[in-house]
Amino acid sequence: MLRVSDVLISAGEASGDRYAAWLAEAVQKREPSTNFFGCAGDRLKAAGCEVTIDAHSLATVGLREVLGDIPRIYGHFRHLLAEAERRKPRLAVLVDSPDFNLRVAKRLGRLGIPVLYLVAPQAWAWRPWRTRQIARLVKRLLCIFPFEEAWFRDRGVNAEY
């Protein structure tokens with residue numbers, strides 16, 4: 001088993017926060033010295049994650065609101081990457097929120113930080129072109145639906161259910 005000390009984790013939505021918290025709790029049971037930091041909501045924070053960005057601050061609804069929130073969201077994006085560069089985690093776990101997290105994955109790749117992506121974007125239903133991007137940016141994609149593993153693997157993504 002790979003021993004890690006610092007792990008960047010990013011969960012920008014409530015459902016992703018729940019999955020990320022379950023993962024963090026399971027990892028810490030096996031490897032108590034693991035320290036998670038990053039974009040977290042209430043559940044991930046309760047699981048012991050050091051909050052670099054409050055996930056609630058990424059929540060935006062409606063096109064008009066999104067446009068107005070771009071500068072704030074981009075500031076959070078830059079802050080998360082600055083923390084990654086400063087702390088040099090051995091691994092990043094990006095959970096759901098593909099519009100935000102795939103951009104994070106691209107920048108983490110430039111820093112040499114391997115990316116594990118949890119909760120596959122529903123590329124099989126929306127944006128199938130996104131699989132090429134995922135294959136390029138993500139070391140391993142963890143799927144939550146059994147059929148997703150074969151679907152992504154058939155498109156060149158290192159996926160696992």
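Residues numbered from 1 in each chain as written. Predicted model: local features only at pLDDT ≥ 70, side-chain atom pairs only at ≥ 80, totals over all residues. Heavy atoms only, no water.

1. Regarding a nonpolar patch on the surface
Then, number 1: A surface patch of nonpolar side chains, amounting to about 300 Å² of accessible area, comprises Leu67, Ile70 and Tyr74.
Then, number 2: With respect to the secondary-structure elements, tyrosine 74 resides in helix H3 (residues 63-87).
Then, number 3: The partly exposed category is assigned to tyrosine 74, whose relative accessible area is 42%. (Patch = residues over 30% accessible without salt bridge, like charges linked within 9 Å, V, L, I, M, F, W, Y side chains within 5 Å. Areas by Shrake-Rupley, 256 points an atom, 1.4 Å probe, with all protein chains shown as cover. Salt bridge = Lys/Arg side-chain N within 4 Å of Asp/Glu carboxyl O. Helix = DSSP H or I, 4+ residues; strand = E, 2+ residues; numbered from the N terminus. Buried < 20%, exposed > 50% of the residue type's maximum accessible area, 1.4 Å probe, protein only.)

2. Some words on the packing of aromatic side chains
Each aromatic ring pair is specified by the distance between its two centres and by the angle formed by the two planes.
Then, number 1: Scanning the model with the defined rule gives five aromatic pairs in all.
Then, number 2: Both rings, one in phenylalanine 77 and one in phenylalanine 100, keep their centres 6.1 Å apart while their planes meet at 80°; by these two values the pair is edge-to-face. With phenylalanine 77 in helix H3 and phenylalanine 100 in helix H4 (residues 98-110), this residue pair connects regions lying 23 residues apart in the sequence.
Then, number 3: Here the aromatic residues Tyr74, Phe77 and Phe100 are joined through ring pairs into a cluster of three or more.
Then, number 4: Positioned over the ring face of tryptophan 151 is arginine 155, at 3.9 Å from the centre of the ring. (Phe/Tyr/Trp six-rings, centres within 6.5 Å; stacked < 30°, edge-to-face > 60°. Lys NZ or Arg CZ within 6 Å of the ring centre and 35° of its normal.)

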